Amino acid sequence: KSPETFLFFIMIPYTGEFLSMVGVVGLEVHAQIQSTSKLFSGSHVRFLAPPNSLVSHFDASLPGTLPVLNRRCVEAAVLTGLALNCTINRKSLFDRKHYFYADMPAGYQITQQRVPIAVNGMLVYSHFEGRRRNQVVTKSVKIKQIQLEQDSGKSLHDDEQSQTLIDLNRAGVGLMELVMEPEMCCGEEAAAAVRELQLILQALGTCQANMAEGQLRVDANVSVHRPGEPLGVRTEVKNINSVRHLAKAIDYEIQRQMEVLQSAGKVLNETRAFDSKSGNTIPMRDKEGLQDYRFMPEPNLPPLFVYESKASVPAGVDPAQVVVIDRLSAQLPELPSVKRTRLVETYGILQEHSFTLVNEDGLMDYFENVVQTTKAEPRKVIGWVIKELMGNLNSQNLKVSQSPISPCALAELINLAESGHISSSTAKQVFQEMWKAPEKTVGQIVKEQDLWMINDKEELQKICRRIVDSHPEEVNPNKVLNKLMGEVQRETKGRTDPVQVRAILEKMVS
Amino acid sequence: MESPTITASRSVSRRGEKRFHVEISKTGGGEVVAQGLPAWLSTLSAGPASARGPESASPQPPTRAAPNTAQTCRHLHSKVSQALRDGRVSATELCRKCIDQIQRTHYLNAFITITGETAMEQAQRADNRIRTGKPLGPLDGIPFSVKDNFCTENIKTTCASKMLKGYVPPFSATVVQKLLDQGAVLVGKTNLDEFAMGAGSTDGVFGPVRNPWSYTTLYREQSTEDPDSDWAISGGSSGGSAAAVAALSSFLALGSDTGGSTRNPGSLCGVVALKPTYGLLSRHGLIPLVNSMDVPGIMTRSVHDAATVLRILQGRDERDSTTVQAPSTPPSLPEHFDIRDICVGIPKEYHAPGLSTDTLAQWSRVAAMFEQAGARVQEVSLPHTQHSIVCYHVLCCCEVASNMARFDGLEYGHRSTIDSSTDAMYATTRHEGFNNVVRRRILSGNYFLLKSNYERYFVKAQQMRRLITEDLKNVFRSGIDVLLTPTTLSDAARYTDFIQEDNRTRSAQEDVFTQPVNMAGLPAVTVPTALSRRGLPISLQLIGQTLQDWKLLTVAHWMEQQVNFPMIHLHGDSDERKLDRSVRERTHTIGS
């Protein structure tokens with residue numbers, strides 16, 4: 001190419017405010033594989049074990065030790081690849097990536113740089129838009145690849161004594177690195193994509209995907225540009241430990257870059273850390289950009305083969321000892337998106353509610369359990385589950401599995417309300433009592449507190465008469481009806497059917 | 001020139017007789033005792049090989065005749081293990097003799113660690129088993145030594161480097177463990193070039209290994225210099241192991257072979273050295289040089305012994321993913337096999353510049369032996385061989401740079417006292433811990449692996465490696481069973497000559513015949529065939545097809561039986577050498 005052409009390209013005139021800038025977000029996700037032992041050694045994998053208690057000779061990089069691939073980790077990566085619509089490479093390779101770091105004892109990480117185990121996938125995710133945030137928008141992002149690699153250990157810097165302590169428990173734990181293409185535009189999209197990924201991984205059982213415990217680590221590559229123009233210089237944002245922080249960090253970074261460019265500054269290709277206290281991203285002092293990892297094939301591991309089916313396993317190889325895709329496909333559980341569709345179709349609930357049911361671990365099962373044991377409409381049950389149950393759980397920061405009220409007990413309660421034995425307002429009151437005293441049955445609580453519905457017409461008449469009589473000055477119809485009804489409810493502790501009471505009161509005051 | 005050395009050797013042999021007299025009486029005495037060789041070994045050594053005698057029809061080697069006190073000593077294992085079972089010798093006796101011999105020949109500097117105490121305990125246990133008629137196998141009670149780059153549980157493993165001085169591994173290498181599990185007795189860890197990088201065993205932190213053959217009468221007779229200044233190198237990098245087997249202080253030794261590190265010293269020290277097919281023996285616990293080429297090597301005094309050891313060590317190891325299932329192997333090498341069924345290839349490219357006339361003559365002699373015995377001998381071509389050494393060096397440096405990255409002073413090994421920062425600690429630790437040779441290879445390797453250089457060096461070398469492998473495959477596909485080549489260009493160099501060139505140059509020269517085999521992962525064995533004019537061993541290499549190690553050894557066994565390589569006769573131990581020197585000085589004075 002002639003230099004003129006080149007010059008022409010860089011001399012494109014500044015287009016001013018013609019098109020506004022947009023953010024471009026790609027993600028690199030490190031998901032710790034849920035397995036009992038590490039990727040290349042027999043050491044156990046456990047969170048919060050005493051420091052350096054889960055370290056094999058290989059993990060400590062003792063000379064003469066060799067990696068031995070854990071089949072379970074390969075299966076986890078294949079399952080994840082299948083769930084994310086990836087092409088599974090029948091043959092993949094391992095490479096060494098070199099850098100000196102105290103918590104990387106061998107001086108290199110074994111990863112899959114050249115030929116990863118899975119490529120060309122797609123993650124479909126949804127998020128909510130609109131004023132009431134109840135409009136479901138479905139999007140997708142390409143998964144470039146999934147590669148198997150080793151986790152590093154952990155360094156603890158003691159600034160006071162100026163020393164670094166190293167814990168190798170995590171060193172060598174299997175990771176799946178998922179690379180998502182820069183196809184998202186804001187923090188919310190990225191957060192929704194990661195949330196969906198978490199659900200998929202948890203459904204597969206391939207990763208616990210808890211960001212706070214580091215089982216899922218997300219780095220965001222963020223840049224800004226004007227649509228139609230080449231991508232801008234990107235920064236990598238690290239140190240993000242929740243989905244909420246991910247959204248915040250990305251949005252902050254997009255804003256920051258736009259401001260830099262608008263004030264005629266330059267965005268640097270750098271690594272930045274998210275500071276959750278200030279909500280800012282700050283440059284990290286590292287030489288990441290200057291590193292040459294000197295990749296090299298890992299000579300101690302033969303190519304990793306996975307087979308289409310049992311029939312394609314070559315003679316002399318025990319099919320039980322290798323990874324067979326067919327066998328894993330058959331094991332694939334119901335994925336979150338399928339679950340949601342099924343919930344909407346089967347129970348006629350709102351789409352947004354299907355998200356809540358699937359998002360909360362165990363909530364869908366809880367809901368379906370209640371639905372099966374009650375005669376009430378699923379649409380009524382969903383209200384109980386989402387408003388009452390989740391409200392209480394959230395306010396006390398409990399998981400569904402920790403709920404003091406079992407699905408059975410809730411079903412019983414709903415049944416009583418449905419059959420008119422207690423009023424719906426009483427039912428809510430009983431729900432709170434059950435929460436406080438889970439050892440008691442619904443019947444016990446209703447009986448002890450005398451909450452059965454007053455269905456006796458004469459008794460109702462009497463109560464209403466008493467209320468009307470005690471408010472002689474307010475016998476102006478219509479205006480006072482609501483107040484009187486409230487009085488009746490108070491008097492009866494809500495044990496009345498509002499429709500009935502209203503009818504009686506209307507007669508009395510007219 | 002002649003008379004003074006004769007005087008010297010006489011005085012030594014008188015001392016020698018005195019020394020071994022006790023041992024002779026222990027085992028019944030009366031037999032002819034080779035110098036430095038315990039009496040009972042002579043009795044055990046009368047095997048079928050020596051009965052057959054040399055091939056009379058073969059052309060005479062351009063060498064001096066071996067001293068006639070030698071009885072060709074073959075099948076040591078089977079003979080010794082039979083003697084152990086018959087109660088003619090005990091394992092503790094055997095072990096004690098080997099340890100004595102290590103001490104007697106300490107000037108060879110073959111050992112870094114002598115494990116006398118644990119060895120005697122192991123030998124005691126072997127004796128108990130043998131006494132109760134329950135030996136573990138043919139190696140029960142047999143003393144062996146191991147190159148100091150194989151991990152040995154609770155025994156120091158140094159790689160002859162400051163970096164690992166005092167390092168005690170918590171586990172044993174699979175091959176070591178297999179020998180121990182067979183009841184073999186570990187007598188010590190042998191010297192090498194630092195991290196096995198070298199071809200002379202001259203570049204380790206514990207100093208150079210001396211070739212035992214430079215302490216034989218024949219060598220000393222020709223030398224006018226002090227035995228401490230005129231001696232030949234052992235070859236490397238497994239020089240300690242080769243010297244240990246050659247000097248009779250072990251019946252077998254483990255070496256490692258990356259570019260010839262087992263075959264080169266095996267050849268120069270006149271022992272049988274087998275580099276098995278890549279993947280046939282586990283590398284677990286072998287501190288790596290080049291993972292894709294490293295193979296544990298077996299050094300013995302006979303092909304038969306090498307076969308016995310191979311049978312025990314071979315096979316899949318779940319701790320080394322590159323190991324393969326061993327082909328089924330008969331219990332021992334066939335005594336009778338028809339050499340006429342064999343086609344021997346002579347690669348023309350191995351007529352390399354620098355090939356000594358002695359070595360060339362041996363090569364021709366043995367090729368003629370094959371031909372006369374009815375084998376088909378045929379010239380073949382390996383056109384890419386000439387590029388092998390350069391590519392070998394690129395690949396070697398790359399893996400070295402990578403493998404050495406773990407030595408950062410954090411988890412184990414040497415750690416510098418400089419602690420101003422982690423990076424400073426790394427840098428000084430590595431600078432202090434590694435010698436020049438290692439540091440240079442790391443630097444080169446990192447250079448080759450840089451993103452901008454990777455295609456030009458690493459990828460190119462890998463491509464060439466495939467071509468070299470193809471060359472060899474093609475030759476075997478054409479009907480060749482084994483290739484016959486020299487192992488080294490010449491006999492062992494004098495130490496003072498050898499160190500005139502740097503390690504890089506020497507490795508390139510010395511590995512020229514051996515490293516293509518590592519590139520291709522094939523099995524190869526070197527067998528000593530004769531002594532050179534200087535009284536040093538000359539050996540030839542046989543190269544076999546992948547996983548045809550057994551067939552290779554069968555041919556090697558035949559060759560060994562024909563060549564009638566002499567038994568070593570050490571001139572004496574270090575005390576006697578001092579005496580030797582003073583005698584020579586005196587006689588020199590007389591002579592002049």
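Owing to the predicted nature of the structure, the values given are computational and were not obtained by experimental measurement. (Residues numbered from 1 in each chain as written. Chains lettered and ligands numbered in written order. Predicted model: local features only at pLDDT ≥ 70, side-chain atom pairs only at ≥ 80, totals over all residues. Heavy atoms only, no water.)

Asker: In this structure, what is going on with the overall build of chain B? I would like to understand it.
Answerer: If you tally the helices and strands in chain B, you get 21 helices and 11 strands. Classification of the 592 residues of chain B by burial places 64% in the buried group. Sequence separation of 24 or more characterises 80% of the internal contacts of chain B that already satisfy a separation of 6 or more. Split by element, the accessible area of chain B, about 21000 Å² in all, is 50% carbon and sulfur. (Helix = DSSP H or I, 4+ residues; strand = E, 2+ residues; numbered from the N terminus. Buried < 20%, exposed > 50% of the residue type's maximum accessible area, 1.4 Å probe, protein only. Contact = heavy atoms within 4.5 Å. Areas by Shrake-Rupley, 256 points an atom, 1.4 Å probe, with all protein chains shown as cover.)

Asker: Just checking my understanding: could you explain the nonpolar core for this structure?
Answerer: When a protein is soluble and globular, its nonpolar side chains tend to lie buried together. Ranked by internal contacts, the top residues of the largest apolar core, which has 168 residues, are B:Phe195, B:Phe370, B:Leu484 and B:Met559. When residues in this core are grouped by element, the largest group, 10 residues, is from helix H13 (residues 385-403) of chain B. Beyond its immediate chain neighbours, meaning those up to four positions away, B:Leu484 contacts B:Val344, B:Gly345, B:Ile346, B:Pro347, B:Trp363, B:Val366, B:Ala367, B:Phe370, B:Leu540, B:Gln541, B:Leu542 and B:Met559. If you look at the next biggest cluster of nonpolar residues, it comprises 70 residues, including A:Leu39, A:Phe58, A:Leu123 and A:Leu301. (Core = buried A, V, L, I, M, F, W, Y, C linked by side-chain atoms within 4.5 Å.)

Asker: What am I meant to see in the interface of chain A and chain B here?
Answerer: Where the parts come together, the accessible area they lose is often given as the size of the interface. Facing the 31 residues of chain A at the interface are 39 residues of chain B. Summed over the shared surface of chain A and chain B, the result is 0 salt bridges. For the interface between chain A and chain B, the tally reads 14 residue pairs in polar contact (both at pLDDT 80 or more). Looking at the side of chain A that touches chain B, the elements that each hand over two or more residues are strand E4 (95-98) and strand E15 (296-297) of chain A. Split into classes, the residues belonging to the side of chain A that touches chain B amount to 20 nonpolar, 7 polar and 4 charged. (Salt bridge = Lys/Arg side-chain N within 4 Å of Asp/Glu carboxyl O. Polar contact = N/O pair within 3.5 Å; in protein donor to acceptor, adjacent residues only side chain to side chain. Nonpolar A, V, L, I, M, F, W, Y, C, P; charged D, E, K, R; others polar.)

Asker: Sorry, what's going on with helix H15 (residues 436-449) of chain B here?
Answerer: Residues separated by three or four positions in an α-helix point in the same direction, a consequence of the helix having 3.6 residues per turn. Along its 14 residues, H15(B) runs 20 Å from first to last C-alpha, staying within 8% of the 20 Å computed at 1.5 Å per residue. On its buried side, H15(B) packs onto E4 and E15 of chain A together with H13, helix H14 (422-433), helix H16 (455-477) and helix H18 (503-510) of chain B. Near the N-terminus of H15(B), the side chain that reaches the backbone nitrogen of B:Val437, with its oxygen 3.1 Å away, is that of B:Asn435. (Expected span 1.5 Å × (residues − 1).)

Asker: Before we go on, may I ask you to explain the sheet that holds strand E9 (residues 482-486) of chain B in this structure?
Answerer: Within a sheet, neighbouring strands are paired by backbone hydrogen bonds and run either parallel or antiparallel to one another. Residues and elements named next belong to chain B. Strand order in the open sheet formed by 11 strands is E1-E3-E2-E4-E6-E5-E10-E11-E9-E7-E8, with mixed pairing between adjacent strands. Both outer strands of the open sheet, strand E1 (111-114) and strand E8 (376-380), are each paired with one neighbouring strand and no more. Across this sheet, the average inter-strand angle for adjacent strands is 30°, counted without regard to direction. Of the pairings in the sheet, the one linking strand E4 (residues 252-257) to strand E6 (residues 295-300) comprises 6 bridges and is antiparallel in character. Residue pairing for E6: Gly-255 is matched across the bridge by Gly-297. In the packing of helix H5 (residues 91-104) onto the sheet, contacts are made with E1, strand E2 (143-147) and strand E3 (185-190), and the angle to E3 comes to roughly 15°. (Pairing = 2+ DSSP bridges. Axes fitted to C-alpha atoms, helices over the stretch in contact; angles between N-to-C directions.)

Asker: Can you walk me through the sheet that holds strand E2 (residues 87-88) of chain A in this structure?
Answerer: Residues and elements named next belong to chain A. Taken in spatial order, the 9 strands line up as E2-E6-E7-E10-E1-E11-E12-E13-E14 in an open sheet, and their pairing is mixed. Sheet topology places E2 and strand E14 (280-283) at the edges, where each strand pairs with a single neighbour. Bridge count between strand E7 (residues 135-150) and strand E10 (residues 174-184): 7 bridges; the pairing is antiparallel. Residue Gln-145 lies in a different strand from E10, and its bridge partner there is Val-179. Across the sheet, helix H2 (residues 71-83) is in contact with E2, strand E6 (118-129), E7 and E10; its angle to E7 comes to roughly 155°. Here helix H4 (residues 243-262) sits on the sheet and contacts strand E1 (22-32), strand E11 (216-225), strand E12 (235-238), strand E13 (271-275) and E14; the angle it forms with E11, its principal contact strand, is near 25°.

Asker: Is there a simple way to explain the side chain of B:Arg220 in this structure?
Answerer: All names here are of chain B. You can see Arg-220 is positioned in helix H8 (residues 217-222). The buried charged residue Arg-220 lacks any salt bridge partner; its closest oppositely charged side chain belongs to Asp-230, at an N-O distance of 4.3 Å. There is a polar contact of 3.0 Å between the side chain of Arg-220 and the backbone oxygen of Asp-230. (Lys, Arg positive; Asp, Glu negative; His and termini not counted.)

Asker: What exactly am I supposed to notice about helix H9 (residues 239-246) of chain B here?
Answerer: Residues and elements named next belong to chain B. Across the 8 residues of H9, 8 count as buried, placing the element largely inside the fold. Within H9, burial applies to Gly-239, Gly-240, Ser-241, Ala-242, Ala-243, Ala-244, Val-245 and Ala-246. Phi turns positive, to about 65°, at Leu-248, one or two residues after H9.

Asker: Can you help me understand the UniProt feature "domain: Amidase" (unreviewed entry) in chain B in this one?
Answerer: Cross-referencing UniProt, the feature "domain: Amidase" (unreviewed entry) maps to residues 93-553 of chain B in the present numbering. Measuring from the first to the last C-alpha atom of residues 93-553 of chain B gives 31 Å, for a span that is 38% helix and 13% strand. (UniProt positions renumbered as here; feature names shortened; annotations may be inferred.)

Asker: In this structure, what is going on with the packing of helix H13 (residues 457-469) of chain A against helix H15 (residues 498-509) of chain A? I would like to understand it.
Answerer: For any two helices packed against each other, one specifies the crossing angle of their axes together with the interaxial distance. All names here are of chain A. At their nearest, the axes of H13 and H15 sit 10 Å apart, and the two run at 50° to each other. Classed by the angle they form, the pair H13 and H15 counts as oblique. As for how H13 packs across H15, the hand of that crossing is right-handed. Residues Lys-457, Leu-460, Gln-461, Cys-464, Arg-465 and Val-468 of H13 touch H15, and the partners they reach there are Gln-500, Val-501, Ile-504, Leu-505, Met-508 and Val-509. Partitioning the contact of H13 with H15 into residue classes produces 8 nonpolar, 2 polar and 2 charged. (Parallel < 35°, antiparallel > 145°, perpendicular 65-115°, else oblique. Left-handed = near helix turned anticlockwise from the far one by under 90°.)

Asker: Where do I start with the packing of aromatic side chains in this structure?
Answerer: To describe a pair of aromatic rings, you give the distance between the ring centres and the angle between the ring planes. Applying the stated criterion across every chain yields a total of 23 aromatic pairs over all chains. Centroid distance B:Tyr454 to B:Phe458: 5.1 Å. Interplanar angle 15°. Geometry classified as stacked. Each member of the pair, B:Tyr454 as well as B:Phe458, is classed as buried. Every member of this aromatic cluster is reached through a ring pair, and the members are B:Tyr167, B:Phe195, B:Phe407, B:Tyr412 and B:Phe434. Sitting over the face of the ring of A:Phe355, A:Arg340 holds its NZ or CZ atom 4.2 Å from the ring centroid. (Phe/Tyr/Trp six-rings, centres within 6.5 Å; stacked < 30°, edge-to-face > 60°. Lys NZ or Arg CZ within 6 Å of the ring centre and 35° of its normal.)

Asker: How should I be thinking about the environment of B:Asn149 in this particular structure?
Answerer: Residues and elements named next belong to chain B. Topologically, Asn-149 is positioned in the loop between E2 and helix H7 (174-181). For the pair Asn-149 and Ser-256, spaced 107 residues apart in sequence, the C-alpha to C-alpha distance is 8.1 Å. Once you skip the residues sitting within four places of it in the chain, Asn-149 turns out to touch Thr-157, Cys-159, Leu-192, Ala-196, Ser-256, Gly-285, Leu-286 and Ile-287.

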